[in-house]
Amino acid sequence: MSSSTVSVSVPTPTQQHPFQRKIDEIKPSKPDIDFLVMDYLISHGYPRTAAKFAKEAGVPTHLIEEESIEARVEIRHAIHKGDIDTAINQINDLDPQILDRNPALHFALLRLQLIELIRNCTSVPTSDITPAINFASSQLAPRAATNESFLKDLELTMTLLIFLPSNDLQPQLAELLKPELRQQVAAKVNEAILTSTGARGEARIYSLYRARQWSEIRAREAGKDLPASLPLGLEPSLVQANGHGEAGDVMVQ
């Protein structure tokens, strides 16, 4: 019985595109990389992981304000679980002005709360839908009356009352029930809280990524000699959260 092996050819430095060789010659400093990792962990609310990383990497820990980070983590957990009322109360406890200054964010949270009410009201055919209608009338309708985008979102959300319970919803309606909508709103809430404290609303690595994209587009438009593609060398999910415990222990792959 014979066995065979598959050999994978790796381009040698002389075979590489000159631009790629220049990239490979650049060696970011360890402190710079450590700072980006720490910034990401703090911005996204992983205090225990940040503390562990700081200890192992020898990074100063003065930036880790654990109490402030934990508050953001609790709010994120509440939104992910669909406990929007608790999340709103916790946001107001941190700073009552956050939602006042962000009407679109406030509306997004209230719409999530309406979606949860509709879920409960339509869980069985004989359920009473009055609570959902009353909430929409008192909390969302006044805001939607002065904003066309809000009105469209409210009308779409109320359509769920007609079709639920059902496993065969139109794509637009199905999107309202997916966890991704909660995650998107939670990310916006996290950004708003950070901004309210004078911090950056997002991790610096995102700004670097956009700058890198912009630079590549401009270079190609100028006719520069670039490879057909310039991969970043990152897996689709560089950082994953397991969704339990501390907003998850972060696993860097």
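Residues numbered from 1 in each chain as written. Predicted model: local features only at pLDDT ≥ 70, side-chain atom pairs only at ≥ 80, totals over all residues. Heavy atoms only, no water.

An unreviewed UniProt entry lists the protein under the name CTLH domain-containing protein, from Karstenula rhodostoma CBS 690.94. Reading the Function (unreviewed entry) entry of the UniProt record for the protein gives the comment "Involved in the proteasome-dependent degradation of fructose-1,6-bisphosphatase." (UniProt positions renumbered as here; feature names shortened; annotations may be inferred.)

Would you mind going over the pattern of salt bridges with me for this structure?
A pair can form between side chains of opposite charge whenever their charged atoms are brought close. Taken as a whole and judged by the stated rule, the model has eight salt bridges. The partner of Glu148 in a salt bridge is Lys152, with the nearest N and O atoms 3.7 Å apart. On the criterion of helical spacing, the pair formed by Glu148 and Lys152 is a turn pair, its members being four residues apart in helix H9 (residues 148-158). Taken individually, Glu148 and Lys152 each receive the classification exposed, so the pair is uniform in this respect. Here the salt bridges share partners, and the residues they tie into one network are Glu116, Arg119 and Arg182. (Salt bridge = Lys/Arg side-chain N within 4 Å of Asp/Glu carboxyl O. Helix = DSSP H or I, 4+ residues; strand = E, 2+ residues; numbered from the N terminus. Buried < 20%, exposed > 50% of the residue type's maximum accessible area, 1.4 Å probe, protein only.)

Explain the environment of Ser68 to me, please; I cannot follow it from the model alone.
Note on placement: Ser68 falls in helix H4 (residues 66-81). When its relative accessible area of 34% is taken as the criterion, Ser68 is described as partly exposed. Sequence-wise, Ser68 and Pro47 are 21 residues apart; in three dimensions their C-alpha atoms are separated by 9.4 Å.

Hey, could you run me through helix H12 (residues 179-196) in this one?
Because the α-helix completes a turn every 3.6 residues, residues three or four places apart line up on one side. Between its terminal C-alpha atoms H12 stretches 26 Å, which fits the 26 Å expected from 18 residues at 1.5 Å a residue. One or two residues past the end of H12 sits Gly198, with phi positive at roughly 85°. (Expected span 1.5 Å × (residues − 1).)

Got a minute to help me understand the packing of helix H7 (residues 103-121) against H12 in this structure?
Each pair of packed helices gets described by two things: the angle between the helix axes and the distance between those axes. Where H7 contacts H12, the two axes come as close as 10 Å, and the packing angle between them is 150°. The angle between H7 and H12 places the two elements in the roughly antiparallel class. H12 is crossed by H7, and the crossing has left-handed handedness. In contact with Leu105, Ala108, Leu109, Arg111, Leu112, Ile115, Glu116 and Arg119 of H7, H12 contributes Leu181, Arg182, Val185, Lys188, Val189 and Ala192. Here the residues of the contact of H7 with H12 are counted per class, giving nine nonpolar, no polar and five charged. (Axes fitted to C-alpha atoms, helices over the stretch in contact; angles between N-to-C directions. Parallel < 35°, antiparallel > 145°, perpendicular 65-115°, else oblique. Left-handed = near helix turned anticlockwise from the far one by under 90°. Contact = heavy atoms within 4.5 Å. Nonpolar A, V, L, I, M, F, W, Y, C, P; charged D, E, K, R; others polar.)

What is the right way to look at the packing of helix H5 (residues 84-94) against H7 in this model?
Taken N-terminus to C-terminus, the directions of H5 and H7 make an angle of 155°; their axes are 9 Å apart at the nearest point. One element, H5, and the other, H7, form an angle in the roughly antiparallel class. Between H5, through Ile84, Asp85, Ile88 and Ile91, and H7, the contact on the second element is made entirely by Leu109, Leu110, Leu112, Gln113 and Glu116.

Help me understand empty space enclosed by the protein, please; the structure alone is not making it clear to me.
Picture a little ball the size of a water molecule; that probe, rolled over the atoms, points out where space is still empty. Summed over the entire model, instances satisfying the criterion amount to one cavity of 30 Å³ or more. Of the voids in this model, the largest cavity is the one considered here, and its volume is about 30 Å³. In terms of lining residues, the largest cavity is bounded by Arg72, Ile75, Arg76, Ile79, Ala186, Val189 and Asn190. Listing elements by their share of the lining of the largest cavity, those giving two or more residues are H4 and H12. (1 Å grid on protein atoms, 1.4 Å probe; cavity = no way out; pocket = protein on both sides within 12 Å on 5 of 7 lines; lining within 4 Å. Points joined across faces, edges and corners; volume = space filled by probe spheres on them.)

Explanation requested: H5 in the structure shown.
Buried within H5 we find Ile84, Ala87, Ile88 and Ile91. Down the axis, H5 shows its buried residues gathered within 100° of arc, on one side only. (Arc of directions from axis to C-beta.)

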